[in-house]
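Summary of structural features
If you want the building blocks of each chain, they are given just below.
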Amino acid sequence: MSHHFRLLSCGTIGGRVLRAGTTGTVAAVFSSSFYLESEGRFVCIGTETLGLGPLNAICDAPGKTDWLASGLRDGTPFIAIDRSVRIRGSFAFETAAMESWHPRPYPEAPHPADLRRNLQELRRVMAARLPDQGLAHCVLGGQNRRPTTPLAKAARGPIEELRTWLEMALARSPNHDPYPPPAMDALAGLGPGLTPSGDDFLGGTILALDAVGADAARTRLAASACDDVHRAGNRISTAHVRAAAEGYGSAAIHELLGELRAGRTVTYPERLDAIDRIGHCSGWDTLCGVITALDAVVAVSERDGIPARPASTPPIVRP
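Owing to the predicted nature of the structure, the values given are computational and were not obtained by experimental measurement.

Analysis parameters
Residues numbered from 1 in each chain as written. Predicted model: local features only at pLDDT ≥ 70, side-chain atom pairs only at ≥ 80, totals over all residues. Heavy atoms only, no water. Helix = DSSP H or I, 4+ residues; strand = E, 2+ residues; numbered from the N terminus. Rg over C-alpha atoms; globule rule 2.2 N^0.38 Å. Buried < 20%, exposed > 50% of the residue type's maximum accessible area, 1.4 Å probe, protein only. Contact = heavy atoms within 4.5 Å. Areas by Shrake-Rupley, 256 points an atom, 1.4 Å probe, with all protein chains shown as cover. Lys, Arg positive; Asp, Glu negative; His and termini not counted. Charge placed at Lys NZ, Arg CZ, Asp CG, Glu CD. Salt bridge = Lys/Arg side-chain N within 4 Å of Asp/Glu carboxyl O. Expected span 1.5 Å × (residues − 1). pLDDT = per-residue confidence, 0-100. Phe/Tyr/Trp six-rings, centres within 6.5 Å; stacked < 30°, edge-to-face > 60°. Lys NZ or Arg CZ within 6 Å of the ring centre and 35° of its normal. Axes fitted to C-alpha atoms, helices over the stretch in contact; angles between N-to-C directions. Parallel < 35°, antiparallel > 145°, perpendicular 65-115°, else oblique. Left-handed = near helix turned anticlockwise from the far one by under 90°. Nonpolar A, V, L, I, M, F, W, Y, C, P; charged D, E, K, R; others polar.

Description of the overall build of the protein chain
In terms of regular secondary structure, the protein chain is built from 9 helices and 9 strands. Relative to the 2.2 N^0.38 estimate, which gives 20 Å for 319 residues, the radius of gyration of the protein chain is 20 Å and therefore close to what a compact globule would have. With the C-alpha coordinates of the protein chain rotated into their principal frame, the extents come out at 65 × 40 × 40 Å. A burial count over the protein chain gives 52% of its 319 residues as buried. Considering only contacts in the protein chain between residues 6 or more positions apart, those separated by 24 or more positions represent 67%. When the accessible surface of the protein chain is split by element, carbon and sulfur atoms take 51% of a total near 14,600 Å². Here the protein chain contributes 33 positively and 34 negatively charged side chains, and the mean placements of these two sets differ by 1 Å.

So this is what it looks like as structure tokens:
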């Protein structure tokens, strides 16, 4: 017996899996959400608590729905047909009224000095709420930065090398190696969970470079990160990093990037609340990448007078 719900919205990339005629299987099931896969592409379906993102599809099922307890299992076939997605013997989701989500354009870029002040205020707001797990204390802890876990200790060196590479890439140093440092390979797949901390960090770095128009550095880093994460063997995490390479991340990250550019610091607690709801600590690990990249942008801009892009447009919607 199938349960019937409606899909209300879906990220641009996840929507590619839901096109009429698509077939595939359930790839992973959790209490709060589940993934469908078709030919290496993924969509994550959940209730409104899932949040908006490039792979996420929000349905009108009750917020306390437990997909794992419902009996949904990996490998179950699905088909997208007749304005619906049908999972054999389990669920049917109507897609007729589903809206497509993509990030809004960013506001006008601030002067580097203003961006530095915005980052300082963000650090002040989040200082008392950094999670113990993941990379947050190691990367975002200010003068108290410390690698307190084996994960953070393993990530610290590669992150410092990547930070140095970013500054040289953004400054277009004549001594700059155009390829990201080999130590960056150590971040791919680093950490437990559906999307490891190292992968989330790389995705956040790519998104921040895209937000400020650092296209050359973003292109190099994205190509290397996608290859490294793919080799690490986590297909779902690879899909999220590839989404970042196209300029798409979770709505919470895009909104915070917009606030950093606009300087509306009063909204930071609300934005951090949304980031806190992304995975176990995936939102914070992504934010680590964002701030690492923006710190490099500010340092180079103030030192060398290289301006950021005046304004940015939404990512190009690719078929």
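From this point, things continue past the structure.
A closer look at the pattern of salt bridges
A complete count under the given rule lists 15 salt bridges for this structure. Ionic pairing is found between Glu-160 and Arg-163, a salt bridge with its closest N-O pair at 3.4 Å. Of this pair, Glu-160 and Arg-163 both sit in helix 3 (residues 150–171), 3 residues apart, which is roughly one turn of the helix. As a salt-bridge pair, Asp-210 and Arg-218 come within 3.8 Å of each other at their nearest N and O atoms.

Some details on the environment of Leu-194
Structurally, Leu-194 can be placed in the loop between helix 3 and helix 4 (197–211). Once the C-alpha coordinates of Leu-194 and Ser-282 are considered, the two residues, 88 residues apart in sequence, prove to be 9.3 Å apart. Excluding residues that lie within four positions of it along the chain, Leu-194 makes contacts with Phe-30, Tyr-35, Asn-234, Ile-236 and Ser-237.

Details of helix 4
Taking 1.5 Å of rise per residue, 15 residues should cover 21 Å, and helix 4 covers 21 Å from first to last C-alpha, within 8% of that figure. In the segment just after helix 4, Gly-213 is the residue with positive phi, at about 75°.

Some thoughts on the confidence of the model for the protein chain
Put simply, the protein chain has an average pLDDT of 89, and 93% of its residues get 70 or more. Here helix 2 (residues 136–140) stands out as the least confident element of the protein chain, with mean pLDDT 85; strand 5 (residues 56–59) is the most confident, with 98. The low-confidence segment residues 307–319 (pLDDT under 50) makes 32 contacts with residues lying over four places distant or belonging to another chain.

Some details on the packing of aromatic side chains
Tallied over the entire structure, the rule returns 9 aromatic pairs. Relative to Phe-91, the ring of Trp-67 lies with its centre 5.1 Å away and its plane at 65°, an arrangement referred to as edge-to-face. Here Trp-67, found in the loop between strand 5 and strand 6 (77–81), pairs with Phe-91, found in strand 8 (residues 91–94); they are 24 residues apart in sequence, far enough to count as distant. Of the aromatic side chains, those joined through ring pairs into one cluster are Phe-5, Phe-34, Trp-67, Phe-91 and Phe-93. The ring of Tyr-179 is capped by Arg-220, whose NZ or CZ atom sits 4.7 Å from the centre of that ring.

Here's the deal with the packing of helix 3 against helix 4
Closest axis-to-axis distance for the helix 3/helix 4 pair is 11 Å, and the angle between their directions is 20°. The angle between helix 3 and helix 4 places the two elements in the roughly parallel class. Crossing geometry of helix 3 relative to helix 4 is assigned as right-handed. Between helix 3, through Leu-151, Ile-159, Leu-162, Leu-166 and Leu-170, and helix 4, the contact on the second element is made entirely by Ser-197, Phe-201, Leu-202, Thr-205 and Leu-209. Its residues placed into classes, the contact of helix 3 with helix 4 shows 8 nonpolar, 2 polar and no charged.

Comments concerning the side chain of Thr-76
By the secondary structure assignment, Thr-76 is in the loop between strand 5 and strand 6. Classification of Thr-76 as buried rests on a relative accessible area of 14%. Aside from chain neighbours lying at most four places away, what touches Thr-76 is Gly-24, Thr-25, Val-26, Ile-87 and Arg-88.

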